[in-house]
Structures are given as C-alpha cells and as structure tokens.
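Here's the letter readout for the chains.
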Amino acid sequence: MIEAQNITKRFGEFKALNNVSLSVKSGELLALLGPSGSGKTTLLRIIAGLEFPDRGAGRVLFNGEDVTYNPAASRQVGFAFQHYALFRHMTVFENVAFGLRVRPAATRPLETEIRRRVIELLSLVQLDNMDKRFPTQLSGGQRQRVALARALAVQPKVLLLDEPFGALDAKVRKELRRWLRQLHKEIHITSIFVTHDQDEALEVASRVVVMNKGAIEQIGTPEEVYDRPANPFVYNFLGSVNLFHGRVHGGQVHLGNTSLPAPEHPEAQDAPAMIYVRPHEIHVANQSNGQQSLPALIRDVNPAGPLVHIELERLDDGAKFAVELTREQSRNVQLTPGSQVFVELKNLRVFSEDYSI
Amino acid sequence: MAGVITRLNKAKRNTRAAQDPAWVRWSLIGVSLAFLGLFLFVPLAAVFTEGLRRGVRVYLAAFQTPDALAAIRLTLLVAVIAVPLNLVFGLAAAWAIAKFEFPGKSLLTTLIDLPFAVSPVISGLIYVLLFGAHGLIGPWLMEHNIQLIFAVPGIVMATLFVTFPFVARELIPVMQSRGNDEEFAALTLGANGWQTFWRVTLPNVKWGLFYGVILCNARAMGEFGAVSVVSGHIRGQTNTMPLHIEILYNEYNYAAAFAVASLLSLLALVTLALKSLIEAQSAEQTQND
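Residues numbered from 1 in each chain as written. Chains lettered and ligands numbered in written order. Predicted model: local features only at pLDDT ≥ 70, side-chain atom pairs only at ≥ 80, totals over all residues. Heavy atoms only, no water.

**Some remarks on the pairing of strand 12 (residues 252-255) of chain A**
All names here are of chain A. Residues Val253 and Leu255 point to one face of strand 12 and are all buried, whereas Gln252 and His254, pointing to the other face, are not buried. Hairpin connection of strand 11 (residues 242-249) to strand 12: 2 residues between the antiparallel strands, including Gly250 at a positive phi of 50°. Where strand 12 lies against strand 13 (residues 258-261), 4 bridges are found, and the strand directions are antiparallel. Bridging across to strand 13, Val253 finds its partner in Leu260. Hairpin connection between strand 12 and strand 13: a loop of 2 residues separates the two successive antiparallel strands, and Gly256 in this loop has a positive phi of roughly 60°. (Buried < 20%, exposed > 50% of the residue type's maximum accessible area, 1.4 Å probe, protein only. Helix = DSSP H or I, 4+ residues; strand = E, 2+ residues; numbered from the N terminus. Pairing = 2+ DSSP bridges.)

So this is what it looks like as structure tokens:
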C-alpha cells in the first residue's frame, strides 16, 4: 500500500502539485492520466524519491512507513523512464545486473545467482539471447523492456513508469500496452504509470487517476471515469465529446426547440447549462421523432474505418457537432451531405454553472 | 543500421555539394590549403629543418646540456602536477554546472572562462602582485619562509590557472546533453553517489574527459606568458621548456633553440593525432546512440 498525503510541490512560482492525496492498493495497476503540466510526473517522481515535496507539505508512506524524505536508493522502487535511461556503455546483461552488483557485499548475490536472475528476467520480458547486445543495437520497444527487467531485478515494492511508451510508434505502443497488462497479471507487482494518452490509461490500468493543474479531478475504474465523468474537464479529456449550450430548468434541459430530461438538476431555475454527449451516443434519423429530435444539416461524411464519422450543423444556431455511427447503423439512414436529418441525444450529461454536481 | 543511415546521409551531402560550381569548390579548398600551408605547415617544417640544419649530433646535443635537461624535467613536473589537479577541478566544476541548480551557477560558468579571456601575462602578474615580495601576502609568506614566486610552486599555480578551462569546457556540453536520467536510474536501483559516478557518469564522459586532458596537457607544457612572469628565469631551476627556448634564441643559439622547439612541436603533433583518434572514437559512439 502506497500513500501520498496532502502533497504540495512548487517549482519557483509554478505550483506543480496542490494538496494532492492518493492511495495505491497493493497489486493494482494505476494510471496517472492528465495533460502536460498536470503534475502527474512530479507526483510519480515524489513517490520514487527523485523529487521531494515542499518542506512540511505532505507525506509519502510505503506500507505505513514514512519515507517522504528518504533518498531514492533506499526506497526499493523500480523506475522506468520515458527515454529508457539504459546505461549505454553496458550490455543488456550488465544493465539488468546493475541493481544487484551495486549492493553492499553482505547482501550481494553470488555471480552464479546474478546470472540466473538476469537470464530469468530477460526471459520474462521476452528478450532471451539478447544479453550480449548493447542498448543501441535494440529497438525502442526492446529497450523499454530491458529497462523494465532492470527495474524488476531489484525486486521493487512498487514499479513506477513515466510515460513508458511515449517514445514509441503507435503499433509498438499498442503491443507493449497489452504486454504490460499481461506481465502485471503474471507478477502482480503494485504499479503506477504516467500517461497523457487516454486510450492507454483506459486499456491498461485497473484504476485511473485523472489529473489537471496539479490536482486530482477524478479517481475510478476505466469504466467509471469514461462513463461517469465527474466534471467537464474529465469529459473533455477522456475521449471525444460534443458540447451543446442550453438552459436547464426544473429537471428539464432545453436545447433549441427540444427539451430533454435532466433529472440531476431538479431545482435549477433557468440556469445556463453545458450538455456533453459522446459522438457515438447520438442517434441519427431521416424523420423527426417529436419533441426530443433536433434538426441538423449533414456537413461531411467520412466512411473510412470501422466507424462512419459524420459532421453535422444544428439548424437553429449553426453549432457544429460530430457523430459516429457503426456501419450497421449507417445503413438505416440516408446520409447525403447537405441534406437535413434529425438527431436524438441518447446519453447526455448536463453540467450547470449555477448548480453543478 | 546506423552505418547505413550515415552512408546515405553522406551520399546526400555529396550530391548537394556537387551542385555548387566546381570553381567555387576548388577555390575555397585552394584558399584554405594555401593559408594553412603558409601559416602553419611552413613554420612547423622550419622548426625541424632549423633544428637539424647543423646535423643530428648538434640536434641531440641540445638536449644533453644540464639546463636543457632541467627545463624538460621541470616542464614534465609541472604537467604531472597541474593536469591531474585540473582533471579533478574540471570534473567537479562540470558536474556541478551540468547536473545541479544552485545560486551563483552562471557566475561559476563565467569564471571558468576567465583564464581564456585574460591574457596569460596578466594571470602571471596577478600571482606576482599577490605572492611576490612586495605583494599582498608576500611579506607574510617570507616571514614563514615560503617562496612561491620565482620558484616551482608559482609556476605550477600559474599553469593551473591558465589550463583550468580545458577539462571543464569539454565536459559541460557532454554532460548536459546526456541529462540526469541515467544517474537517476542508477539511484533508484540502489546505487550510492560514488557507485553512480564510477559506474555510470564517468564511463559516459570518458572521451570528452580524455580530450580535455590532452588539451590541458598540451597547454600546460607549452604555456609561456604566465609562467614567464612568475618564473624569474633562473637557469636550471625555474626554466621550463618554452622559457629555455627563449633564452637559447636570445643568445643566438639557433640550432639548440629550434631543437628544443621541435620537441615541443612533436608534443603538439602527438596531441593532434590523439585528438583525431578520440574524435573518431566518440563519433562512433554518438553514431550508435
């Protein structure tokens, strides 16, 4: 169990972390997700002992023990860097063996034991027979796996990964994500990884921490943060979303001539509302469906890929929005650019400035 | 793979260069070669021919006088003291500047360049003003029977000052471009500061360090101005090779002067050879990165 309590960290005038608290359960795979400058990497480095919180501003606990100002070397953490930080003058073998070789003589394993452990780890990260190579002779994905093996060699209490796949191309990144998830299933080590890529966080992590401007916006399982975002920031940051401006009054949201139920705002009195709807949660039809349908013009249709992407424009105020239909759904409706259709917002989320939940 | 890319790049560069008209290329090459030949190669050749003009025997005899031997010994002694010290100072300064943030960092960076900016004669004079008989600390030193100026310690200090920037200047850009990640990685793996330095930092900068050291050594052996001011030119005692050459020359002993000069020139050639060797080595290393 790893806890960060009320951590504040300033770099000069810039407040990187503002009273952040987080607890990481043993064995979980946690993602710190946020845009750059959100403080996610700073939080990770404070847990690692590569940065320290401002004096008196927060504590870091490893299994209840206060390690806030302990140096990194004493914390038994495994850290993987975005650019791998492999020792470039050492072979793969020596890189992985490093953490064992620098131990004091009393706890240093015998050479035969070091060899056995390194070979075992290289096999775990699927780099058998690569032990004599130098880092420069490996691909990016292989380098990051060496870095992971090196971090795991010291049997860390927690594995910390700073944008581990950030420097890799899209295809390798996807492979490594799946591989990391698999690896975590095999060895169950408490792991925290930092990413700005929402797909990565949602796909790999068992819990996601969404961060923004040095604070935590929401913590939850991938389903929770995606399906029930706590606030407009999380909605915007996780996946594409359409924003409509309307008004909310007594549990009903009014959008142009339509009115839709907004049960989460029963007491709102004609307050301005922001209505968030994901592109795949909008139904498109050629015929009006009464009160709940919103007339719109088709601007553009892009049928490439598994989904059909449609750009629409509201007839009443000209606001543009996007819709994604499956190919199946798109067959039931006439989609000609320039023609009029009716859309129905299926799963909308209303945030009101006056009365927000 | 890296090799293939370099070759491709080279091929690309060549085709682009080939688009310039031939006369532009050849006149540029011609001008540079003529300049180098006139101002560098001819004088260098002259040093050796002048030294050998009166035969090999006279040439070798120039090194066998007690004064010449003393000068060579002193030069080596100064280099043996100054180079290791500046290796340590330069490494420490480069480390501090490249890896830490601290108040006064930009001042330190500027100070490192000071010996380059100041004329060596002035650096020598500063030592005389400080430690000489009429200097600030001079009387106190005399009371305690410590002689720095017009003695070997003064020469060592002047050389230390003049050669200080070489190692640090070579290392700072190398260390800055490498960043701190490898050191951080070593720390998280449980290495202490000492282990991190010997196993990670030092191997990473070894070529830059070596290069800085040979430049530092060349300057330490060849320094004239600063050493000339503090040495007092006592034959057999405080004359280094460059000072010895000057004395021989002023006494119209050309053959001997050029003979000793040729020895210093040889040092320069060896330095250049080592330098290009190192550059080839480190280029190979960066190519692989």
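Structure's up, so let's keep going.
**So, a nonpolar patch on the surface**
On the surface, Trp26, Ile29, Leu33, Phe35, Leu36, Leu38, Phe39 and Leu40 of chain B cluster together to form a nonpolar patch covering roughly 910 Å² of accessible area. Position of Leu33 of chain B among the secondary structure elements: in helix 2 (residues 22-52). (Patch = residues over 30% accessible without salt bridge, like charges linked within 9 Å, V, L, I, M, F, W, Y side chains within 5 Å. Areas by Shrake-Rupley, 256 points an atom, 1.4 Å probe, with all protein chains shown as cover. Salt bridge = Lys/Arg side-chain N within 4 Å of Asp/Glu carboxyl O.)

**Focus on the interface of chain B and chain A**
Taken together, the 18 residues of chain B in the interface contact 21 residues of chain A. Note on chain B versus chain A: buried area summed over both sides is about 1,900 Å², and carbon and sulfur give 62% of it. When the buried area of chain B at its contact with chain A is split by residue, Thr188, Leu189 and Arg199 of chain B rank highest and sum to 36% of it. Across the contact surface, chain B and chain A share 1 salt bridge. The closest approach of N and O atoms between Glu182 of chain B and Arg88 of chain A, which form a salt bridge, is 2.7 Å. Where chain B touches chain A, the interface holds 4 residue pairs in polar contact (both at pLDDT 80 or more). Among the elements of the structure, helix 9 (181-188) and helix 10 (193-222) of chain B are those that each provide at least two residues to the side of chain B that touches chain A. The element contributing the most residues to the side of chain B that touches chain A is helix 9 of chain B, with 7 residues. Split by residue class, the side of chain B that touches chain A holds 8 nonpolar, 5 polar and 5 charged. (Contact = heavy atoms within 4.5 Å. Buried area = accessible area lost by both parts, 1.4 Å probe. Polar contact = N/O pair within 3.5 Å; in protein donor to acceptor, adjacent residues only side chain to side chain. Nonpolar A, V, L, I, M, F, W, Y, C, P; charged D, E, K, R; others polar.)

**What about the side chain of Thr8 of chain A?**
Its location among the elements puts Thr8 of chain A in strand 1 (residues 2-11). At 3.1 Å, the side chain of Thr8 of chain A forms a polar contact with the backbone nitrogen of Asn19 of chain A.

**Looking at the sheet that holds strand 10 (residues 215-220) of chain A**
Residues and elements named next belong to chain A. Ordered in space as 6-7-8-3-9-10, the 6 strands form an open sheet in which the pairing is mixed. A single partner strand is all that each edge strand has here, and the edge strands are strand 6 (77-80) and strand 10. Taking each pair of neighbouring strands and ignoring which way they run, the sheet shows an average axis angle of 20°. One ladder, built from 5 bridges, connects strand 9 (residues 207-212) with strand 10; its direction is antiparallel. Each residue of the ladder has a partner; that of Met211, found in strand 10, is Ile216. (Axes fitted to C-alpha atoms, helices over the stretch in contact; angles between N-to-C directions.)

In short, the description is geometric, and any link to function would need to be established separately.
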